[in-house]
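# Coordinates in review
Below, each chain spelled out in residue letters.
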Amino acid sequence: RVGDRSSCVDLTGVGVRKKRLLVKDIKVYAVGVYFDHEEIRRTANKADREDKVLDGLLEENGKNVIRLEVIYSRATGKQIAKALDDQIGRKLRQSGHYKDFEDFTSAFDGAKFRKGTTITFSTARNGDMTTFINGEKKNTVKSKPLNQAMTQLYLGSDTITKDLRADALQT
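We now turn to the structure provided with this report. Here the structure is a predicted model, which is why all the values come from computation and not from measurement. (Residues numbered from 1 in each chain as written. Predicted model: local features only at pLDDT ≥ 70, side-chain atom pairs only at ≥ 80, totals over all residues. Heavy atoms only, no water.)

## A word on the overall build of the chain
The condition is simple: Secondary structure elements follow DSSP: runs of H or I of four or more residues count as helices, runs of E of two or more count as strands, with numbering from the N terminus. For the radius of gyration, the atoms used are the C-alpha atoms, and the globule rule reads 2.2 Å times the number of residues raised to 0.38. Only protein chains enter the accessibility calculation, which uses a 1.4 Å probe; a residue whose area is less than 20% of its type maximum is buried, one above 50% is exposed, and one in between is partly exposed. The criterion used for residue contact is that any of the two residues' heavy atoms lie within 4.5 Å. Shrake-Rupley sampling with a 1.4 Å probe provides the accessible areas, and residues are treated as covered by the protein chains on show and by no other component.
Looking only at helices and strands, the chain features 6 helices and 6 strands. Starting at the N terminus and ending at the C terminus, the chain contains elements arranged as β-β-α-α-β-α-α-β-β-β-α-α. Rg of the C-alpha trace for the chain: 15 Å, near the compact-globule value of 16 Å for 171 residues, within the 12% margin. In terms of overall dimensions, the chain has C-alpha extents of about 45 × 35 × 35 Å along its principal axes. Residue burial in the chain is summarised as follows: out of 171 residues, 47% are buried. Look at the contacts in the chain between residues 6 or more apart in sequence, and 61% of them connect residues 24 or more apart. Of the roughly 9,400 Å² that the chain leaves accessible, carbon and sulfur atoms contribute 47%.

So this is what it looks like as structure tokens:
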């Protein structure tokens, strides 16, 4: 159980987000992705191959949790919001859902993260994405396109965390 403690989800994969700063890679945060165990079971029953289960879960866009644990101690809310904007902002602008993204990233306004800070994005089947920082609810945004963009960001074929996707494919 993670986030608001009402989610019953299974850990699907773990990874580390790295960012190149000058000449070396900095580990920014560790990430874990969790999916509803019933959705995993249903999707696995429909998939003709094991490697198609993850793709099926991404298409379902149902209940999931993305949990980040900050490693880079100088990360700020503004940096996290900018990094997410660089990755998924354009797609949401083009689809007309950028206001959802702005509402979502307001959870980071003024935030400064220490090593060990947890950021949890808990998504419900109805499209609600709730953001928690260190277990404290910051906001809820209803947007299936935002949820899809976030899930694709971490688990899609062009993911920013290749080790997370590889781990999830083995689960």
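More follows now that the structure is in view.
## Comments concerning the pattern of salt bridges
Rule in force here: Criterion for a salt bridge: a side-chain nitrogen of Lys or Arg within 4 Å of a carboxyl oxygen of Asp or Glu.
As enumerated under the stated definition, the model contains 8 salt bridges in all. Between Asp-36 and Arg-125 there is a salt bridge, with its nearest N and O atoms 3.0 Å apart. You can see Asp-36 sitting in strand β2 (residues 24-36) and its partner Arg-125 sitting in the loop between β4 (118-123) and β5 (128-133), a full 89 residues away along the chain. Judged by relative accessible area, which is 5%, Asp-36 ranks as buried. Arg-125 gets classed as partly exposed once you look at its relative accessible area, which sits at 42%. The salt bridge partner of Arg-93 is Asp-85, with a shortest N-O separation of 3.4 Å. The class for Arg-93 is partly exposed, based on a relative accessible area of 44%. Connected through shared salt-bridge partners, Asp-36, Lys-63 and Arg-125 make up one network.

## Quick look at unusual backbone geometry
The backbone phi angle of Asn-134 is positive, close to 50°, even though this residue is not glycine. Tracing the backbone shows Asn-134 in the loop between β5 and β6 (136-142).

## Topic: the nonpolar core
The condition is simple: We define a nonpolar core as any set of buried Ala, Val, Leu, Ile, Met, Phe, Trp, Tyr and Cys residues linked to one another through side-chain atoms lying within 4.5 Å.
Ranked by size, the top nonpolar core spans 38 residues in total, and within it Phe-104, Phe-108, Met-150 and Tyr-154 carry the most contacts. Looking at this core element by element, the count peaks at 6 residues for helix α5 (residues 144-155). Every residue in contact with Met-150, bar those within four places of it in the chain, is listed here: Ile-66, Leu-84, Ile-88, Phe-104, Phe-121 and Met-129.

## As for helix α6 (residues 162-170)
Think of an α-helix as 3.6 residues a turn; residues three or four steps apart then line up on the same face. The condition that has to hold: Here, the arc refers to the directions that run from the helix axis to the C-beta atoms.
Those residues of α6 not exposed but buried are Leu-164, Arg-165 and Ala-168. Viewed end-on, α6 has its buried residues packed into an arc of 95°, placing them on one side of the element. Exposed and facing more than 90 degrees away from the buried side of α6 are Lys-162 and Gln-170. Buried residues in α6 make contact with β1 (9-21), β2, α2 (52-60) and α5.

## Here's the deal with the layout of surface pockets
Defined as follows: The way it works is a 1 Å grid over only the protein atoms, where trapped points that fit a 1.4 Å probe form a cavity and open points with protein on both sides within 12 Å along at least five of seven lines form a pocket, and then any residue with an atom within 4 Å of a point lines it. Grid points are joined across faces, edges and corners, and a volume is the space filled by probe spheres set on the points. Three categories are distinguished: nonpolar for Ala, Val, Leu, Ile, Met, Phe, Trp, Tyr, Cys and Pro, charged for Asp, Glu, Lys and Arg, and polar for the others, with Gly belonging to the last.
Counted as a void, the largest pocket has a volume near 440 Å³. Considering the residues around the largest pocket, the lining is formed by 18 residues, among which Lys-19, Val-28, Gln-79, Ile-80 and Ala-83 are closest to the centre. If you tally residues by element for the lining of the largest pocket, the top one is helix α3 (residues 77-94), at 7 residues. Considered class by class, the residues forming the lining of the largest pocket number 12 nonpolar, 2 polar and 4 charged.

## So, α2
Buried within α2 are the following residues: Val-53, Leu-54, Gly-56, Leu-57 and Leu-58. Contact partners of the buried residues in α2: β2, α1 (37-46), α5 and α6.

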